[in-house]
Amino acid sequence: MPNLLDYDLAGLVGWFAELGEKPFRARQVMRWVHREGCDDFGAMTDVAKSLRVKLGEQAEIRAPALLRDDVSGDGTRKWLFDVGDGNAVETVFIPESGRGTLCVSSQAGCALDCAFCATGKQGFSRNLEVGEILGQLWLANRLLGVAAGTEEDNGRVVSNVVMMGMGEPLANFDNVVTALRVMLDDHAYGLSRRRVTVSTAGVVPAIDRLRDECPVALAVSLHAPDDALRDRLVPLNRKYPLRGLMAACRRYLERAPRDFVTFEYVMIDGVNDGDGHARALIALTRDVPCKFNLIPFNPFPHSAFARSPVERVRRFAGILLDSGIIVTTRRTRGDDVAAACGQLAGQVRDRTRRTLQTMEEV
Ligand code: SAH
């Protein structure tokens, strides 16, 4: 039975046409589902009764089931959602004054196996369906709405989405783009392109496709200034080395809603955090308008790395800043409930047998 959370507006209009229904009916239902968070066709009061009955018989509105709801001491909220077959994915809501950011997963597990990431160490099961990606946003709005009136309005609702949860969004391109379209659609969430960010480890051809099909803000997980080190930390680099990645970033900016790319950079003690690394980054990104977001490494069980000392991060940031690059250091949020960057692990039925390998191999 079709799940209406799987469709963007064009898809819904198409399916309604098969039912003999007009496009404006699809728009009405789209609004009920996403703007009102409604999952009961009977409650869609401005929709013709006959259509409500038909939809009730032939369609469903089904989001993943909630397995866990953790609240961090700093207000960060982490949800664990069941996506079936023993797989579960995590979604994180980060309230800040004036905005609320939802960190959304795109895959159950991840196939990229970055050396410092908990999700990667779990292996990979499968791509999420559109409805499972959108379902995270749909449910977050409902779960946050429950508390309406009991919290400050500030930062209570989702104003920004970052595709920075479990998985590599550009490895699940079609489903992610369909979900992005719904996030941007005025009949649904109506988020601006600047407030929706796709983060990628650097799938070069898909960066070009995203530029052509659905440009939103782009973040690239850089983590190293040269191919030798990046090959070790982000194995995808062996396929798409830095030179081509920088060129793809430049091409992306021709159509991007923001005039810079955000480079994420995990600060790992003694591995990629030296003064020389900072200087090499300046040279590497000379032709790419960018900002740097430094992420102090977040440890997880059996991780082989340590976080760079605060003083080191400050000095590293200072070198970049002195060259004119804007640098922010990501404040660690939610780590008391393992919701910080790189700590999301959910439950994954690994199909790659990666978990049999040692975790200290890098
Ligand atoms: N696959 C995409 C989306 C994941 S985003 C990507 O690579 O961009 C998650 C961000 O957290 C990435 O920048 C990732 O490199 C970073 N990260 C992963 N493990 C981390 C850890 N242990 N500590 C801090 N950041 C980490």
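Rules and cut-offs
- Residue positions are given per chain, counting from 1 as you read along its sequence in written order.
- Thresholds applied to this predicted model are a pLDDT of at least 70 for local features of residues and 80 or more for the giving and counting of side-chain atom pairs; totals over whole chains, interfaces and linings are not thresholded and use all residues.
- To obtain the side-chain values, all non-hydrogen atoms of the structure were used and water was disregarded.
- Between 30 and 60 degrees the pair is tilted, below 30 it is stacked and above 60 it is edge-to-face, where a pair is any two Phe, Tyr or Trp rings, Trp via its six-membered ring, whose centres lie within 6.5 Å.
- Placement of a positive charge over a ring is assigned whenever Lys NZ or Arg CZ falls within 6 Å of the ring centre and within 35 degrees of the normal to the ring plane.
- DSSP-based pairing: two strands are paired if at least 2 bridges between them are found.
- Runs of H or I in DSSP of at least four residues are treated as helices and runs of E of at least two as strands, each being numbered from the N terminus.
- Fitted lines through C-alpha atoms give the axes, limited to the stretch in contact for helices. The angle between two N-to-C directions lies from 0 to 180 degrees.
- Whether a crossing is left-handed or right-handed is set by the direction in which the near helix is turned from the far one by less than a right angle, anticlockwise for left-handed and clockwise for right-handed.
- Contacts were defined at the residue level, with two residues in contact if any of their heavy atoms lie within 4.5 Å.
- In this classification, the charged set is Asp, Glu, Lys and Arg, the nonpolar set is Ala, Val, Leu, Ile, Met, Phe, Trp, Tyr, Cys and Pro, and all remaining amino acids, among them Gly, are polar.
- Remark: exposure states derive from per-residue accessible area (1.4 Å probe, protein chains only) relative to the maximum for the residue type, with buried under 20%, exposed over 50%, and partly exposed in between.
- Each domain span listed reflects an automatic or database assignment of domains.
- Once two parts are put together, the accessible area they lose, assessed with a 1.4 Å probe and summed over both, is termed the buried area.
- A side-chain nitrogen of Lys or Arg and a carboxyl oxygen of Asp or Glu constitute a salt bridge if their distance falls within 4 Å.
- To estimate the expected span of a helix, subtract one from its residue number and multiply by 1.5 Å.
- The arc refers to the directions leading from the helix axis to the C-beta atoms.
- Consider each residue's heavy atoms; a residue with any of them within 4 Å of a molecule or strand counts as near.
- By the criterion applied in these results, polar contacts are pairs of N or O atoms within 3.5 Å in which, for protein atoms, one can donate a hydrogen and the other can accept it, and in which residues neighboring in sequence qualify only through two side-chain atoms.
- Only the protein chains shown count as cover for residues, and all accessible areas are computed by the Shrake-Rupley method using a 1.4 Å probe.

Chemist: How should the packing of aromatic side chains be read in this particular structure?
Modeler: To describe a pair of aromatic rings, you give the distance between the ring centres and the angle between the ring planes. Summed over all chains, the structure comprises eight aromatic pairs. The ring of phenylalanine 260 carries lysine 291 above its face, with NZ or CZ at 4.1 Å from the centroid.

Chemist: Can you walk me through the sheet that holds strand 8 (residues 196–200) in this structure?
Modeler: Within a beta sheet, neighbouring strands are joined by backbone hydrogen bonds and run either parallel or antiparallel to one another. Overall, mixed pairing links the ten strands, which are arranged 1-2-3-4-7-8-9-10-11-12 in an open sheet. If you trace the sheet from one side to the other, it starts and ends with strand 1 (65–71) and strand 12 (326–329), each paired once. Looking at each pair of strands side by side, their axes are set apart by 20 degrees on average, direction ignored.

Chemist: I would appreciate a short explanation of the packing of helix 5 (residues 130–145) against helix 6 (residues 173–184) in the present structure.
Modeler: Angle between the axes and distance between the axes: these two values describe a pair of packed helices. In contact at an axis separation of 8 Å, helix 5 and helix 6 are set at 35 degrees when each is read in the N-to-C sense. Note on packing geometry: the crossing formed by helix 5 with helix 6 is right-handed. Within the contact between the two elements, helix 5 uses Val130, Ile133, Leu134 and Leu137 and helix 6 uses Asn175, Val176, Thr178, Ala179, Val182 and Met183. Residues of the contact of helix 5 with helix 6, tallied by class, amount to eight nonpolar, two polar and no charged.

Chemist: Explain the pairing of strand 10 (residues 261–267) to me, please; I cannot follow it from the model alone.
Modeler: When a strand is regular, its side chains alternate between the sheet's two faces. Within strand 10, six of the seven residues are buried, which leaves the element mostly enclosed by the surrounding structure. Looking at chain direction, strand 9 (residues 217–221) and strand 10 are connected through three bridges and run parallel. Looking at the pairing, valine 220 lines up with phenylalanine 263 of strand 10. In this sheet, strand 11 (residues 290–296) lies alongside strand 10 in parallel orientation, the contact comprising seven bridges. In the strand pairing of strand 11, glutamate 264 is matched with asparagine 293.

Chemist: Just checking my understanding: could you explain the environment of isoleucine 295 for this structure?
Modeler: Counting through the fold element by element, isoleucine 295 comes out in strand 11. A residue is classified by how much of its surface remains accessible, and isoleucine 295, at 6% relative accessible area, is buried. Expressed as a C-alpha distance, the spacing of isoleucine 295 and cysteine 117, which sit 178 residues apart in the sequence, is 12 Å. Excluding its chain neighbours within four sequence positions, the residues that come into contact with isoleucine 295 are Glu264, Tyr265, Val266, Met267, Arg330 and Cys341.

Chemist: Mind showing me how you'd approach the domain arrangement of the chain here?
Modeler: One frequently used descriptor of interface size is the decrease in accessible area upon assembly of the parts. Splitting the chain by domain gives domain 1 (4–58) and domain 2 (65–361). Summed over both sides, the interface between domain 1 and domain 2 buries roughly 1300 Å², with carbon and sulfur atoms accounting for 56% of that surface. Ranking the residues of domain 1 by area buried against domain 2 places Leu5, Asp8 and His34 at the top, with a combined share of 41%. At the boundary of domain 1 and domain 2, one finds one salt bridge. Residue aspartate 39 is joined to arginine 142 by a salt bridge in which the shortest nitrogen-to-oxygen separation is 3.6 Å. Take the side of domain 1 that touches domain 2: its biggest share by element is six residues, from helix 2 (residues 23–35).

Chemist: Sorry if this is basic, but what is going on with helix 11 (residues 310–322) here?
Modeler: Each turn of an α-helix holds 3.6 residues, which means side chains three or four residues apart point in the same direction. With 13 residues, helix 11 should cover 18 Å at 1.5 Å per step; its first-to-last C-alpha distance of 18 Å lies within 8% of that length. Buried within helix 11 are the following residues: Val313, Phe316, Ala317, Ile319 and Leu320. With its buried residues spanning 155 degrees around the axis, helix 11 presents them on a single face. Turned more than 90 degrees away from the buried face of helix 11 sit Val310, Glu311, Arg314 and Asp322, all of them exposed. Among the structural elements, strand 10, helix 10 (275–284), strand 11 and strand 12 are those in contact with the buried residues of helix 11. Once helix 11 finishes, glycine 324 follows within two positions and takes phi at roughly 100 degrees, a positive value.

Chemist: Before we go on, may I ask you to explain the site of the ligand in this structure?
Modeler: Of all residues adjacent to the ligand, which total 22 residues, the nearest are Phe116, Ser199, Ser221, His223 and Asn298. Note that an oxygen atom of the ligand is positioned 2.6 Å from one of the side-chain N or O atoms of serine 199. At a separation of 3.1 Å, an oxygen atom of the ligand approaches a polar side-chain atom of glutamate 264. The protein chains hide 94% of the 540 Å² of surface that the ligand would expose on its own. Secondary structure elements with two or more residues in the shell around the ligand: strand 8, strand 10 and strand 11. By residue class, the composition of the shell around the ligand is twelve nonpolar, eight polar and two charged.

Chemist: Sorry, what's going on with the environment of arginine 315 here?
Modeler: Its place among the elements puts arginine 315 in helix 11. Distance from arginine 315 to glutamate 36, taken between C-alpha atoms, is 47 Å for residues 279 residues apart in sequence.

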